[in-house]
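Here is how the chains run, residue by residue.
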Amino acid sequence: MRARVLAVLFALAAAAPAAADLRRPLSGCGGYPQRLAVLADLEAVPAPGSRNFRRDYLRAFQRRVLARKLEPLHDCLRLDEIQVIGSHNSYHRRPHEPLFSTLASFIPLIGTAWDYEHPPLDLQFGVEGVRQIELDVFADPEGGRYASRLGPAAVGLPTASGVPALDQPGMKVLHVQDLDFETTCYTLRACLETVVAWSDANPRHLPILILLELKDERVEPDFGWVVPIPFGPEEMDDLDAEIRAVVPRHKLVTPDDVRGRRATLDEAIRRDGWPALGRLRGTLLFAMDNGGSKRAIYTDGRPSAEGRVLFPNAVEGAPDAAFIKLNDPIGDFARIQAAVAAGYLVRTRADADTVEARLGDTGPRDAALASGAQFVSTDYPEPDPRFGTGYEVSFPGETVARCNPVSAPRGCAAVWLE
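Rules used in this analysis
- Here the residue numbers are simple positions, counted from 1 along each chain's written sequence.
- Restriction of local features to residues with pLDDT of at least 70 applies here, the model being predicted, together with a cutoff of 80 or more for giving and counting side-chain atom pairs; totals for whole chains, interfaces and linings are based on all residues.
- Note that the side-chain values use all heavy atoms of the structure and ignore hydrogens as well as water.
- In this scheme, a residue with accessible area under 20% of its type's maximum is buried, one over 50% is exposed, and one in between is partly exposed, where area comes from a 1.4 Å probe on protein chains only.
- Helix and strand definitions follow DSSP, with helices as H or I runs of at least four residues and strands as E runs of at least two, each counted in order from the N terminus.
- The criterion for strand pairing is that DSSP finds at least two bridges linking the strands in question.
- Salt bridge, as used here: a side-chain nitrogen of Lys or Arg that lies within 4 Å of a carboxyl oxygen of Asp or Glu.
- By construction, the arc corresponds to the directions joining the helix axis to the C-beta atoms.
- For this text, the term disulfide refers to a pair of cysteine sulfurs within 2.5 Å.

Draft legend 1. Examining the pairing of strand E10 (residues 375-378) more closely. Side chains Phe-375 and Ser-377 project from E10 onto one buried face, and the interleaved Val-376 and Thr-378 project onto a second face that is buried too. Pairing geometry for strand E1 (residues 82-87) and E10, over 4 bridges, is parallel. Residue pairing across strands places Ile-85 opposite Val-376, the latter belonging to E10.

Set out below in structure tokens:
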């Protein structure tokens, strides 16, 4: 018994530094909102001098001095005080022909809703500036459940995937079993290995949020499609374990880390706010896309997601509230702004099912950006030239992030964020 108690104590001691580091104040951050505002005012003051050369020289000198002060102060900003672009179904590749055209002929909506794809995850980070991704995961504890696909048989193609990784046990990443399964990374492990490798090579990056949708829906009508394994308590534990097996502890930010010494996650957010960017650079956070019964299973006996990896998709004021998914930036605009003002992280969508990109409709995109949602998800960090509308979701100056329009203090400047 004593040995078991000691083992538990050692485990707790080993985990404590990560949480303590996140909540320890950064040196030099006292009163950072006021100091940012003062520096912004100074930057706006014209440099003295009547001659152009002298004025320009003094102006350049003034900017160098201010830069040395502005850059470290932006590390004091909290995670909820910035806004980044995310990608929807970040792994997704368009179904191959002739399967795609055949599916679209039977179900026309598929011809638009599934007609998008993304580059590999590391290119999304490095080239497109994405800092939030979404992965759909299916439980496959024995391996092989998704190694064969029935859909290709309808167009005379082999059903065997020929992908050895799909025969191995572990979470699989795809959109819809048997029908929409093309992906840049077939397993959760492979996806996360790509993310970790890019993070290691870019250690000063802003924190990346990885949104996981837990998939177990059947395809109807049933023509013999694969039946997914429901996500119960055991599958939830397996998911956490798989993430921990790939992501090093020093890169992983968990609900316990953010909760710190507060009784609930919600109390920590409302009283302490999110940790500073200077504590979170080079880290990964995971959140659950699902609510409802899956959230209930995941937090059963753990009202603040104690011991868990994922931040639940919660509701304002709940014990586990830190992250909220509100996908309608127009209908939920006021609620998103209120949640952001209260300190929560919010994910919303700028577009869906390729509709806005085809029409060039920027209404939802503009509402999403103005709402202050920290994570604005899109299928178009870059335009799809096939549509000819130029639709994309990005920030002015092609910055990776911008100061949050709702929660950032005056004087925040996007150029210093990353």
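Draft legend 2. Layout of the pattern of salt bridges. Counted according to the given criterion, the structure contains 29 salt bridges. Its salt-bridge partner being Asp-115, residue Arg-94 comes within 2.4 Å of it at the nearest N-O pair. Remark: Asp-115 occurs in the loop between helix H5 (108-113) and helix H6 (121-126) and Arg-94 occurs in the loop between E1 and helix H4 (99-106); sequence separation between them is 21 residues. Here Arg-94 matches Asp-115 in class, with each residue buried. Each of Arg-93, Arg-94, Asp-115, Glu-117, Arg-358, Asp-384 and Arg-386 takes part in salt bridges that share partners, so that together they form one network.

Draft legend 3. Local environment of helix H10 (residues 265-272). Listed in full, the buried residues belonging to H10 are Leu-265, Asp-266, Ala-268 and Ile-269. Viewed end-on, H10 has its buried residues packed into an arc of 165°, placing them on one side of the element. Following H10 by one or two positions, Gly-273 has its phi on the positive side, about 75°.

Draft legend 4. Representation of the state of the cysteines. According to the stated counting rule, one finds 3 disulfides in the structure shown. Each sulfur in the disulfide pair Cys-29 and Cys-76 lies 2.0 Å from the other. Judged by the sign of its S-S torsion, about -80°, the bond between Cys-29 and Cys-76 is left-handed. Of this pair, Cys-29 sits in the loop between helix H1 (2-23) and helix H2 (32-44) while Cys-76 sits in the loop between helix H3 (52-74) and E1, placing them 47 residues apart in sequence. Using a relative accessible area of 15% as the deciding quantity, one classes Cys-29 as buried. The partner cysteine of Cys-403 in its disulfide is Cys-412, sulfur to sulfur 2.0 Å. Between Cys-403 and Cys-412, the S-S dihedral sits near -85°, and the bridge is therefore left-handed. As far as the burial class goes, Cys-403 and Cys-412 line up, both buried.

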